[in-house]
Amino acid sequence: MNLMANLIPVAAEIFLLVMVCFILIVDLLLAKSSKIYTYLLVQLTLLGCSLITVGTHENGVYYAFHGMYVDDLMSDVLKMLSYLGISMMLVYSRQYLMLRGLFTGEFLVLALFSLLGMNVMISANHFLTLYLGLELLSLSLYAMVALQRDSAIATEAAMKYFVLGALASGLLLYGMSMLYGATGSLELGVISHALQQGVQNKPLLAFGLVFILSGLAFKLGVVPFHMWVPDVYHGAPTAMTMLIGSVPKLAAFAFTARILVEGLQSLVTDWSGMLIVLAIASMALGNLSAIAQTNLKRMFAYSTITHMGFMLLGFISGGIEGYGSAMFYTVVYMIMSLGAFGMIMMLSRAGFEADTLNDFKGLNQRSPWLAFMMMLLMLSMAGIPPTVGFYAKFSVLNAIVQTGHTWLAVVAVMFSLIGAFYYLRIIKLMYFDAPESHVPIVVESDTGLLITLNGAGVLILGLMPGTLMSICAVSVQQSLLLH
Amino acid sequence: MIFGLPVISVAIWLPILFGILVLATGDDKNAPLARLLALVGSVLGFLVTLPLYTSFDTTTSNMQFVELHDWINRFNIHYYLGVDGISMLFILLNSFFTVIVVLAGWKVIEKRVAQYMAAFLVMSGVVNGVFAALDSILFYVFWEAMLIPMFIIIGVWGGPNRIYATMKFFLYTLLGSLLMLVALIYLYNLSGGSFAILDFHRVAIPMTAQILIFIAFFFAFAVKVPMFPVHTWLPDAHVEAPTGGSVVLAAIMLKVGAYGFLRFSMPITPDASHKMAGFMIALSLIAIVYIGLVALMQSDMKKLVAYSSISHMGFVTLGLFIFNAYGLEGALLQMLSHGFVAGALFLCIGVLYDRMHSRKIADYGGVANKMPVFAAFFMLFAMANSGLPGTSAFVGEFMVLMGAIKVNFWYAFAAGSTLVFGAAYTLWMYKRVIFGAVTNHHVAELTDINAREILIMSILAIFVLGMGVYPLPFAEILHTSVNDLLVHVAQSKLPL
């Protein structure tokens, strides 16, 4: 295998890394007032990455570096969506961070590093690359949460995130080493092959699987490994919460899919049984706890737990329907959560965080347009048609019913019903209550446009969900199931 | 296709489009423009549905005006619309009532006019979609989307306890809908990958599955009807809703539940329907008798009419589940008639409420002295609500009773009691509100209804009387479809 064949699948990541280093240096030379150029450079980098990812895309599955790295349709689609997500995140958070003095080169560079980590996770085909990508992502996120040094609550969140994240990484590594002991390889394809042949040391395998699943559950933030989620979401500056709560879920999906589906497919009966417990517990605890929250960021934290639980139902179902629906669900969730956190940042202003439920009171009277967009996003999160959130739930439910677990579908919709309450409560606050504050809402033109696109996107994707669904299904089919 | 335009699509999307236009007029500075646009939109929306009636072929039970386009290919979901004798009249009724509601809210609604009018227009289009959808997911999308404008209408323009009422309304109905969704997905897998309702009608289903599907549908539709014991959201929602909201709830929203039984439960799970018929009839009779007695005790006019609606809808579900042509046709006529009568009664209460800001019966008395024209109209609608021969309500109730007596004398006996209770609670309310001496100075200051209100009342009065005296134009549209449905329901769908 020649060098070029190895380099083409990773071209986007190499470009990204070079640009990050370049931006790091350029940023040093720029005055504090002209960080906007760094920002534009970052956006250009994202554009460049997407062009390279599209340009180097070829049908089929390509391995690089002796099977450590894989380039397939699923990874390309997820990468493109990650670029989009990061780009949207930056637009939403620019004004918010500027007002808080956090719009620094470090923030932008760390955002790109986290993206690099996600890209590596998405394309990893080997436990080592998976772990590398995960740590690059996690370390960038820990640092970003801690960027607001003078805020005790942010520092506390960063500390919690770091300690629990490190614990999860440890669990994951321990599980990986056990699987290595049981199968003799760290490469997913080889592990899968070895498992099909049969493994002598069953207890080792079982422990390895449990540790790996616990690590995954930690990273996804599903019950009972969810404890860090509310605190970190709440404590981190909203821009960082947005980053943590949106784009990395795509990488987490890829990560889960690569390990469970590509690597451990032959253990499907074992892990899907465990996932059922995790999924139901997440939907139950997430939905019930979210009702009790008065802080919007905490509420969304519990809602994330719920959504991840629902997404796992897709993995439980298996097959192109199951994994495809899980991917679709994750993508839709990213779009919705970007919009929701974006809305919190738009209502915030210098020295004021609009992160409690009461801050949304009477929004319809202060800004009917923003209220309407938020209503679309909340309806989508609740899974009410004609928004795209409905189709996300629909496709997962369809996958479950197809596998014969109709009871599980009934359980899932009953928890969705409970979930609908707290999303509706936000609509209630916006439309039925009188505003508590009459400070005019200043919306920058770029964020205003983006929230419009985001809200309208939720509706338009809801009216025409077919294309995105098919893209997800096809990429899962070409990438996970044809091996 | 009429003039090259797909009639049903236009009937769905034209009001929605006008709704968006009205919304775009912005805040209350442009309220006159918003009202005017809403009126134009609703009148046009009604006019475009007329070809459904004029070009309707009464000799066939097949779907007419069918539109079939690909929508979500991955799940074989289509944009599939069409009407038969069962659904067509409801589209007309709905579009007609949108005009009435826009007119009724003309002066009364003063805050956020554009949003109010837009919500009703959007809802009108969406409800037309519910009646015309032939793909179950399309149906489900319209079905759920219908909740959103109603949720906003009750919550923003409703009475003091509106937030409790609207939350209850939304969550109650969502509970049923979600179970229905699981049932639809189950049927999709059973039917070999089709979401078309007409395909569901043909697929064979084992008994246990039929019962479970029937129960899932029951939750979705019974909540909407509403049937005893899941009716408790309705009095709350009605009392707190603005007049327009109450009218739409009574005239349209309650009908989609019964329509669901006709389109989904009965033809898809005929064996379960027969098996559960006793249960359904029992619930219907409880609604008729018990809720009728509850209505008698109400001191709030809106609550009284709300309970009377539940009682009358009990007649509808009774008519459906006795499985004969009299019952079914009677039930459908009763649905139409109840739309006109209950809608008109809520408008009458709205007229009083706008002037007095009270719905308490005790606050009134001797209104006839001050509002003679209004009293005459109110009298007509009150009589219709008690099922007086010559009004529309009589036709439906009479037919359902005829159907019931064929099945079991005691069913008819219990159901017949409504003629007594209905007359009792309606006329007693009427007497206390309208007759007697003027009781207080508020009543003394009342002014009679104006030209706009007379126009609305007259149109409704014409329908109530017209349908009562000469129901044939309505009945003949139903006839073929009802007979076809009965034949279908009589056949077992258990797998051989």
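Relevant structure appears above.
All values reported here derive from a predicted model rather than from experimental measurement.

Draft legend 1. How the structure looks around the overall build of chain B. Of the regular secondary structure elements, chain B holds 21 helices and two strands. Over its C-alpha trace chain B gives a radius of gyration of 22 Å, about what one expects of a compact globule, namely 23 Å for 496 residues. Projecting the C-alpha coordinates of chain B onto the three principal axes gives extents of approximately 75 × 55 × 40 Å. A total of 496 residues make up chain B; the buried ones form 65% of that total. Sequence separation of 24 or more characterises 81% of the internal contacts of chain B that already satisfy a separation of 6 or more. Taking the average location of the 24 positive side-chain charges in chain B and that of its 23 negative ones, the two points are 8 Å from each other.

Draft legend 2. View of the overall build of chain A. In terms of helices and strands, chain A carries 21 helices and two strands. The C-alpha atoms of chain A give a radius of gyration of 21 Å, which matches the 23 Å a tight globule of 483 residues would have. Seen through its C-alpha atoms, chain A measures out along the principal axes to roughly 70 × 60 × 40 Å. Within chain A, buried positions represent 65% of all 483 residues.

Draft legend 3. Local environment of the packing of aromatic side chains. Considering all chains together, one arrives at 53 aromatic pairs over all chains under this definition. Look at Phe-390 of chain A and Phe-394 of chain A: their rings are 5.9 Å apart centre to centre, the planes differ by 35°, and that puts the pair in the tilted class. Of this pair, Phe-390 of chain A and Phe-394 of chain A both sit in helix H18 (residues 388–402), four residues apart, which is roughly one turn of that helix. Between Phe-131 of chain B and Tyr-259 of chain B, the aromatic rings sit 5.0 Å apart at their centres with planes inclined by 75°, giving edge-to-face as the arrangement. Of this pair, Phe-131 of chain B sits in helix H4 (residues 113–132) while Tyr-259 of chain B sits in helix H11 (residues 243–268), placing them 128 residues apart in sequence. Given the relative accessible area of 0%, Tyr-259 of chain B is considered buried. Pairwise contacts between aromatic rings join Phe-139, Trp-143, Phe-214, Phe-217, Phe-221, Phe-261, Phe-264, Phe-321 and Phe-323 of chain B into one cluster. If you follow Arg-100 of chain A out to its NZ or CZ, it ends over the ring of Tyr-96 of chain A, 3.9 Å from the centre. The lysine or arginine in question, Lys-393 of chain A, covers the ring of Phe-310 of chain A, its NZ or CZ lying 5.2 Å from the ring centre.

Draft legend 4. Looking closely at the interface of chain B and chain A. Facing 34 residues of chain B, the contacting portion of chain A comprises 42 residues. For the pairing of chain B and chain A, the buried interface totals around 3300 Å² over both sides, and the portion due to carbon and sulfur atoms is 80%. Looking only at chain B, the three residues that lose the most surface to chain A are Arg-74, Phe-75 and Val-182 of chain B, adding up to 18% of its buried area. In this assembly, chain B and chain A are joined by one salt bridge.

Draft legend 5. A look at the nonpolar core. Ranked by internal contacts, the top residues of the largest apolar core, which has 388 residues, are Phe-315 of chain A together with Phe-374 and Phe-381 of chain B. Residue contributions to this core peak at 19 residues, all from helix H15 (residues 319–347) of chain A. Discounting residues that sit within four places of it in the chain, Phe-374 of chain B has contacts with Cys-348, Val-351, Leu-352, Val-367, Ile-434, Asp-448, Ile-449 and Met-457 of chain B.

Draft legend 6. Local environment of helix H5 (residues 105–123) of chain A. With 19 residues, H5 of chain A extends 27 Å between its outermost C-alpha atoms, agreeing within 8% with the 27 Å of an ideal straight helix rising 1.5 Å per residue. Among the 19 residues of H5 of chain A, 17 are classified as buried, and the element is accordingly described as predominantly covered.

Draft legend 7. Region of interest: the side chain of Ser-194 of chain B. Residues and elements named next belong to chain B. Considering the arrangement of structural elements, one finds Ser-194 in the loop between helix H7 (162–190) and helix H8 (197–202). A distance of 3.1 Å separates the side chain of Ser-194 from the backbone nitrogen of Ala-196, its partner in a polar contact. At a separation of 2.6 Å, a polar atom in the side chain of Ser-194 contacts the side chain of Asp-199.

Draft legend 8. The arrangement of the packing of helix H14 (residues 296–317) of chain A against H18 of chain A in detail. All names here are of chain A. Two numbers describe how H14 lies on H18: the axes approach to 8 Å, and their chain directions differ by 35°. Note on packing geometry: the crossing formed by H14 with H18 is left-handed. Across the interface between the two elements, His-307, Phe-310, Leu-313, Gly-314 and Ser-317 from H14 touch Lys-393, Val-396, Leu-397, Ala-399 and Ile-400 from H18.

Draft legend 9. Here's a closer look at the pattern of salt bridges. Residues and elements named next belong to chain A. Counted according to the given criterion, the structure contains 19 salt bridges over all chains. Arg-258 is the partner of Asp-72 in a salt bridge, and the nearest nitrogen-oxygen pair spans 3.1 Å. On the criterion of sequence distance, the pair formed by Asp-72 in the loop between strand S2 (69–71) and helix H4 (73–99) and Arg-258 in helix H12 (residues 248–263) is long-range, its members being 186 residues apart. On the basis of relative accessibility, which here comes to 1%, the residue Asp-72 falls in the buried class. Of the charged contacts in the structure, one is a salt bridge between Glu-436 and Lys-361, with a shortest N-O distance of 3.6 Å. With a gap of 75 residues between them, Glu-436 in the loop between helix H19 (406–432) and helix H20 (445–463) and Lys-361 in the loop between H15 and helix H16 (363–366) connect regions that are remote in the sequence. One network of salt bridges, with partners in common, ties together Glu-156, Lys-160, Asp-231 and Arg-298.

Draft legend 10. Spatial organisation of the pairing of strand S2 (residues 77–83) of chain B. All names here are of chain B. Buried residues dominate S2, accounting for six of its seven residues. Bridge count between strand S1 (residues 64–72) and S2: six bridges; the pairing is antiparallel. Looking across to S2, one finds that Ile-72 is bridged to Ile-77. What sits between the antiparallel neighbours S1 and S2 is a turn of four residues, in which Asn-76 has the positive phi angle 55°.

Draft legend 11. View of unusual backbone geometry. The residue after Val-223 of chain A, namely Pro-224 of chain A, is reached through a cis peptide bond having omega 5°. In the segment running from Pro-385 of chain A into Pro-386 of chain A, the intervening peptide bond is cis, with an omega of 10°. Structurally, Pro-386 of chain A can be placed in the loop between helix H17 (368–382) and H18. One non-glycine residue, Asn-76 of chain B, lies in the positive phi region at around 55°. Residue classification places Asn-76 of chain B among the partly exposed positions, given a relative accessible area of 30%. Although it is not a glycine, Phe-323 of chain B adopts a positive phi angle of roughly 55°. For Phe-323 of chain B, a relative accessible area of 17% gives the class buried.

Draft legend 12. Here's a closer look at the layout of surface pockets. Of the volumes computed, that of the largest pocket is approximately 1400 Å³. Along the walls of the largest pocket sit 43 residues, with Phe-372 and Leu-459 of chain A together with Ile-20, Leu-23 and Val-122 of chain B positioned nearest its centre. Contributions of two or more residues to the lining of the largest pocket are made by H16, H17 and H20 of chain A together with helix H1 (7–24), H4, helix H5 (136–145) and helix H6 (147–157) of chain B. Secondary structure elements with two or more residues in the lining of the second largest pocket: helix H10 (233–240), H11 and helix H14 (325–356) of chain B. A total of four residues in the lining of the second largest pocket trace back to one element, the largest contributor, which is H14 of chain B. Of the residues in the lining of the second largest pocket, the class split is 11 nonpolar, seven polar and six charged.

Draft legend 13. Region of interest: empty space enclosed by the protein. Under the defined criterion, the tally for this structure stands at 10 cavities of 30 Å³ or more. In this structure, the largest cavity occupies an estimated 220 Å³ of space. In this structure, the largest cavity is lined by 17 residues; those nearest its centre are Leu-137, Tyr-161, Lys-219, Trp-228 and Pro-248 of chain A. Among the elements of the structure, helix H6 (127–145), helix H7 (152–183), helix H9 (202–220) and H12 of chain A are those that each provide at least two residues to the lining of the largest cavity. Considering only residue class, the lining of the largest cavity consists of 13 nonpolar, two polar and two charged. Empty space within the second largest cavity amounts to approximately 110 Å³. For the second largest cavity, the full set of lining residues is Ala-104, Val-108, Thr-243, Leu-347, Gly-350, Val-351, Asp-354, Arg-452, Glu-453, Ile-456 and Met-457 of chain B. Counting residues per element, the ones that place at least two in the lining of the second largest cavity are H14 and helix H20 (451–469) of chain B. Among the residues forming the lining of the second largest cavity, the class breakdown is six nonpolar, two polar and three charged.

Draft legend 14. Inspection of the environment of Cys-21 of chain A at higher detail. All names here are of chain A. Structurally, the position occupied by Cys-21 is in helix H2 (residues 11–29). On the basis of relative accessibility, which here comes to 38%, the residue Cys-21 falls in the partly exposed class. Sequence spacing of Cys-21 and Val-109 is 88 residues, and the spatial spacing of their C-alpha atoms is 8.4 Å.

Draft legend 15. Inspection of the state of the cysteines at higher detail. If you walk through the whole model with that rule in mind, you get zero disulfides over all chains. In this model Cys-49 of chain A remains outside any disulfide bridge; the closest cysteine sulfur is found in Cys-21 of chain A, 13 Å from its own.

Draft legend 16. Quick look at the side chain of Asp-71 of chain A. As for its placement among the helices and strands, Asp-71 of chain A is situated in strand S2. Although buried, Asp-71 of chain A forms no salt bridge, and the nearest oppositely charged side chain, Lys-79 of chain A, lies 4.8 Å from it.

Reading the values: rules and limits
Residues numbered from 1 in each chain as written. Chains lettered and ligands numbered in written order. Predicted model: local features only at pLDDT ≥ 70, side-chain atom pairs only at ≥ 80, totals over all residues. Heavy atoms only, no water. Helix = DSSP H or I, 4+ residues; strand = E, 2+ residues; numbered from the N terminus. Rg over C-alpha atoms; globule rule 2.2 N^0.38 Å. Buried < 20%, exposed > 50% of the residue type's maximum accessible area, 1.4 Å probe, protein only. Contact = heavy atoms within 4.5 Å. Lys, Arg positive; Asp, Glu negative; His and termini not counted. Charge placed at Lys NZ, Arg CZ, Asp CG, Glu CD. Phe/Tyr/Trp six-rings, centres within 6.5 Å; stacked < 30°, edge-to-face > 60°. Lys NZ or Arg CZ within 6 Å of the ring centre and 35° of its normal. Buried area = accessible area lost by both parts, 1.4 Å probe. Salt bridge = Lys/Arg side-chain N within 4 Å of Asp/Glu carboxyl O. Core = buried A, V, L, I, M, F, W, Y, C linked by side-chain atoms within 4.5 Å. Expected span 1.5 Å × (residues − 1). Polar contact = N/O pair within 3.5 Å; in protein donor to acceptor, adjacent residues only side chain to side chain. Axes fitted to C-alpha atoms, helices over the stretch in contact; angles between N-to-C directions. Left-handed = near helix turned anticlockwise from the far one by under 90°. Pairing = 2+ DSSP bridges. 1 Å grid on protein atoms, 1.4 Å probe; cavity = no way out; pocket = protein on both sides within 12 Å on 5 of 7 lines; lining within 4 Å. Points joined across faces, edges and corners; volume = space filled by probe spheres on them. Nonpolar A, V, L, I, M, F, W, Y, C, P; charged D, E, K, R; others polar. Disulfide = S-S within 2.5 Å.

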